[in-house]
Amino acid sequence: MTVTLDVAEGVGTLRLDRPPMNALDVATQDRLRELAEEATRREDVRAVVIYGGERVFAAGADIKEMQNMDHTAMVLRSRGLQDAFTAVARIPKPVVAAVTGYALGGGCELALCADFRIAADNAKLGQPEILLGLIPGAGGTQRLPRLVGPSKAKDLIFTGRMVKAEEALAIGLVDRVVPAAEVYEQAHAWAARLAQGPAVALRAAKEAVDVGLETDIDTGLAVERNWFAGLFATEDRERGMRSFVEEGPGKAKFA
């Protein structure tokens, strides 16, 4: 399998496994979508880590495969490509990308689908599609500017240049830089911590933030208001407030 889903401690690890560079061919894209949808459904998965292994996250699409596609073929395939990444972005649980080595093209776009990105100190990220006479096609022109701002996104997309981990951190493309040997451990620890939290409230928080970024503030506030009121019907809300009153803040157990 080119992508696997392993679950431990409430954390599902979506592991890319297509040596040597985890090139994202059509079969890998489709498998990624299937497993993202499975992670969404499974109650034992309360948070997700996306990981490509110790050496590389994903070096992009399979260029040899794409070279054989004409316009008609890509018109038919481009929706499937975007749907695979959107399935990851819409996992209604905390998602962290553990980025080692190269995260280029589709690999960078996959990292953009996570809520949080932990990068190795030797990681390199970028959107080099322009060097092929193309533009990003798996969400890069949309998710990257929403994350780092339009001018920084245009710099990366227009030039196709790679950025090292330190610059990626400075512009907000990644959230933490750690020694390469610690990337997965720290990503799993972050996810495991959130896996112990109130699942419905975390889902609500993620949806409220994500929907709010895509719409006007009044619509975003309506989404927030509806979720906020709705959470008063949950057992987690009762448990959290009871613990606060009886034991003080931060001691409620949800999982």
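Residues numbered from 1 in each chain as written. Predicted model: local features only at pLDDT ≥ 70, side-chain atom pairs only at ≥ 80, totals over all residues. Heavy atoms only, no water.

### Notes on a negative patch on the surface
No. 1: A cluster of like negative charges, contributed by Asp-121, Glu-166, Glu-182 and Glu-185, occupies part of the molecular surface.
No. 2: With respect to the secondary-structure elements, Glu-185 resides in helix α8 (residues 183–195).
No. 3: A relative accessible area of 56% places Glu-185 in the exposed class. (Patch = residues over 30% accessible without salt bridge, like charges linked within 9 Å, V, L, I, M, F, W, Y side chains within 5 Å. Areas by Shrake-Rupley, 256 points an atom, 1.4 Å probe, with all protein chains shown as cover. Salt bridge = Lys/Arg side-chain N within 4 Å of Asp/Glu carboxyl O. Lys, Arg positive; Asp, Glu negative; His and termini not counted. Charge placed at Lys NZ, Arg CZ, Asp CG, Glu CD. Helix = DSSP H or I, 4+ residues; strand = E, 2+ residues; numbered from the N terminus. Buried < 20%, exposed > 50% of the residue type's maximum accessible area, 1.4 Å probe, protein only.)

### Digging into the nonpolar core
Here is a general trend for soluble globular proteins: nonpolar side chains tend to be buried in one another's company.
No. 1: Counting residues in each nonpolar core, the largest one holds 61 residues, and the members touching the most others are Phe-57, Val-99, Leu-125 and Leu-173.
No. 2: The contact partners of Leu-173, leaving out residues within four places of it in the chain, are Cys-108, Leu-112, Arg-117, Leu-125, Leu-144, Leu-147, Val-148, Leu-156, Val-163 and Ala-168. (Core = buried A, V, L, I, M, F, W, Y, C linked by side-chain atoms within 4.5 Å. Contact = heavy atoms within 4.5 Å.)

### Quick word on the pairing of strand β3 (residues 47–51)
No. 1: Burial within β3 is extensive, with five of its five residues counted as buried.
No. 2: The two faces of β3 match: Ala-47, Val-49 and Tyr-51 on one face and Val-48 and Ile-50 on the other face are all buried.
No. 3: The sheet contact formed by strand β2 (residues 11–16) and β3 spans five bridges and is parallel. Along β3, the bridge assignment pairs Leu-14 with Ile-50.
No. 4: Traced from β2 through helix α1 (residues 26–41) to β3, the parallel crossover comes out right-handed.
No. 5: Sheet analysis places β3 next to strand β4 (residues 95–99), joined by four bridges and oriented parallel. Residue pairing across strands places Val-49 opposite Val-96, the latter belonging to β4. (Pairing = 2+ DSSP bridges. Right-handed = clockwise from strand over helix to strand, strands pointing away.)

### Some thoughts on unusual backbone geometry
No. 1: At the junction of Pro-19 and Pro-20, the peptide bond is cis and its omega measures out at 5 degrees in the coordinates.
No. 2: Residue position: Pro-20 is located in the loop between β2 and α1.
No. 3: At Glu-9, a position not held by glycine, the phi torsion is positive, near 60 degrees.
No. 4: Structurally, the position occupied by Glu-9 is in the loop between β1 (3–8) and β2.
No. 5: The phi dihedral of Asn-22 falls on the positive side, at around 55 degrees, and the residue is not glycine.

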